[in-house]
Amino acid sequence: QTTRIYYEMVMNMACRTKKELKELVKEARKCIAHGKVADYIPALGKANPKDLAIAIQYPDGKCISAGDIERKITLQSISKVISLALVLMDRGTDEVFGKVGMEPTGDPFNSIAKLETMTPAKPLNPMINAGALVVTQMIRGDHVEERTHRLLSFIRELTNNSFIGINEEAARSEFETSQLNRALCYFLKHHKIIEEDVETLMDLYTRQCAIEMNCLELARMGMIFAMNGLDPDSGKQIIPENIARICKTFMVTCGMYNASGEFAIKIGIPAKSGVSGGIMGAVPQKFGIGIFGPALDQKGNSIAGMKLLELLSETYQLSMF
Ligand code: DON
């Protein structure tokens, strides 16, 4: 009975939200002017800073959305949560956390600063670039194609869409310009945390970051995390509960990099951002959120996307704290 009342409450909210969501998007659009599209990866610089879209995916299949939902987003750092889940499923926690830590850094996503102060030079967490590169190295397979295919198959299952693919232009653009990530790799290779060929790893990592989808598909991935790894459509446990829990915890503590503390206080939803302007949110046991807004704040998070989540969290009291 309690479950049924709770379920009805969630559904009522969905019906109300359909109209209200548009209002929230309208309100959040106001801060777009203060943001800037990322251009350190040249292909990302082509995005329209005025775009803003949101989708909310409920476990019963219902989906509501507003804004420019037809736009496609490359996952960028959002992919770090997915590669982490895959690698944890493949290798288990002991092996993975032997190579990457569990602590927030308070530094920007591409910072090299803390690596030098750590002994061993293990990256502090899997959400910063240094940690994500170590995780990507652990994706199993004989060559880059096979490893990319394994990650893509997993993402196709999470989105329930077998057409999810890679934006080759974005992958190439990052591969050709990503000297800072190469520097992180070489530093970690010196310390034997990374062992494989740096160019091979960069090839795989830039393909991973260039996996492309719209915000409805992003919301569906968020919903699977919200449901602790269970796909309510197929009844299949796509991600073991414990691994989904670990991923969501990283989303709370490190998902927004050096904005994670403020994000937890103001919004309180496990979420992961990417420099393409995407944000994937997972409201535990309720729904998944997919946002696209390429104008970023100074910390590399979608400026209107963050505002939208703040408005959503306030309006519907979504904070888990
Ligand atoms: O490695 C990079 O710099 C990008 N492919 C991803 C960084 C990113 O998305 C940071 N998120 N806000």
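Residues numbered from 1 in each chain as written. Predicted model: local features only at pLDDT ≥ 70, side-chain atom pairs only at ≥ 80, totals over all residues.

Under an unreviewed UniProt entry, the name given to the protein chain is Glutaminase, and the organism recorded is Siminovitchia terrae.

Participant: Would you take a moment to explain the overall build of the protein chain for this structure?
Facilitator: Helix and strand counts for the protein chain come out as twelve helices and ten strands. Whereas a compact globule of 321 residues would reach a radius of gyration of roughly 20 Å, the protein chain reaches 18 Å, a difference of no more than 12%. Each of the three principal axes of the protein chain carries a C-alpha extent, and together these read 55 × 45 × 35 Å. Long-range pairs, those at least 24 residues apart, make up 68% of the contacts in the protein chain between residues at least 6 apart in sequence. (Helix = DSSP H or I, 4+ residues; strand = E, 2+ residues; numbered from the N terminus. Rg over C-alpha atoms; globule rule 2.2 N^0.38 Å. Contact = placed C-beta atoms within 7 Å.)

Participant: Explain the sheet that holds strand S6 (residues 211-213) to me, please; I cannot follow it from the model alone.
Facilitator: Two orientations exist for strands paired in a sheet by backbone hydrogen bonds: parallel and antiparallel. Taken together, the three strands give an open sheet; going across it, the order is S4-S6-S5, and neighbouring strands pair in antiparallel fashion. In this open sheet, the two strands that pair with only one neighbour each are strand S4 (73-74) and strand S5 (165-166). Across two bridges, S5 lies against S6 in antiparallel orientation. Across the sheet, the residue bridging to Ile 166 is Ile 211, located in S6. (Pairing = 2+ DSSP bridges.)

Participant: Can you help me understand helix H12 (residues 303-316) in this one?
Facilitator: Since the α-helix advances by 3.6 residues per turn, residues separated by three or four positions end up pointing in the same direction. Between its first and last C-alpha, H12 extends 20 Å over 14 residues, near the 20 Å set by a 1.5 Å rise per residue. Three or more residues of H12 are buried, namely Ile 303, Ala 304, Gly 305, Met 306, Lys 307, Leu 308, Leu 309 and Leu 312. Looking one or two residues beyond H12, the residue adopting positive phi is Gln 317, at roughly 45 degrees. (Expected span 1.5 Å × (residues − 1). Buried ≥ 20, exposed ≤ 12 C-beta atoms within 10 Å, placed from the backbone.)

Participant: How should the nonpolar core be read in this particular structure?
Facilitator: Soluble globular proteins: nonpolar side chains tend toward being buried together. Ile 54, Ala 85, Leu 133, Cys 215, Cys 247 and Leu 308 are the most contacted members of the largest nonpolar core, which has 102 residues in total. Sorting elements by how many residues they give to this core places helix H9 (residues 215-226) first, with nine residues. Both domains that furnish three or more residues to this core are identified here as domain 1 (14-75 + 214-315) and domain 2 (77-209). In this structure Ala 85 touches Ile 239, Ile 243 and Cys 247, once residues within four positions along its chain are discounted. (Core = buried A, V, L, I, M, F, W, Y, C linked by C-beta atoms within 7 Å. Domains from an automatic or database assignment.)

Participant: Looking at this model, I keep getting lost on the pairing of strand S2 (residues 53-57). Mind explaining?
Facilitator: Walk down a regular strand and you will see the side chains alternate between the two sheet faces. With five of five residues buried, S2 is to be regarded as a mostly interior element. Because side chains alternate across S2, one face comprises the buried residues Ala 53, Ala 55 and Gln 57, and the other comprises Ile 54 and Ile 56, equally buried. Linking two consecutive strands that pair antiparallel, namely S2 and strand S3 (residues 63-67), is a turn of five residues; a positive phi of about 100 degrees is found at Gly 61 within it.

Participant: Is there a simple way to explain unusual backbone geometry in this structure?
Facilitator: Peptide bonds are mostly trans, and most non-glycine residues show a negative phi. Following Thr 119, the chain continues to Pro 120 via a peptide bond in cis, the omega torsion being -5 degrees. Mapped onto the secondary structure, Pro 120 falls in the loop between helix H3 (113-117) and helix H4 (129-137). Positive phi is not limited to glycine here, since Tyr 257 has a value of about 55 degrees. Note that Tyr 257 resides in the loop between helix H10 (241-254) and helix H11 (260-266). Judged by C-beta crowding, with 23 C-beta atoms within 10 Å, Tyr 257 ranks as buried. A positive phi is found at Gln 285, a non-glycine position, where the angle reads about 65 degrees.

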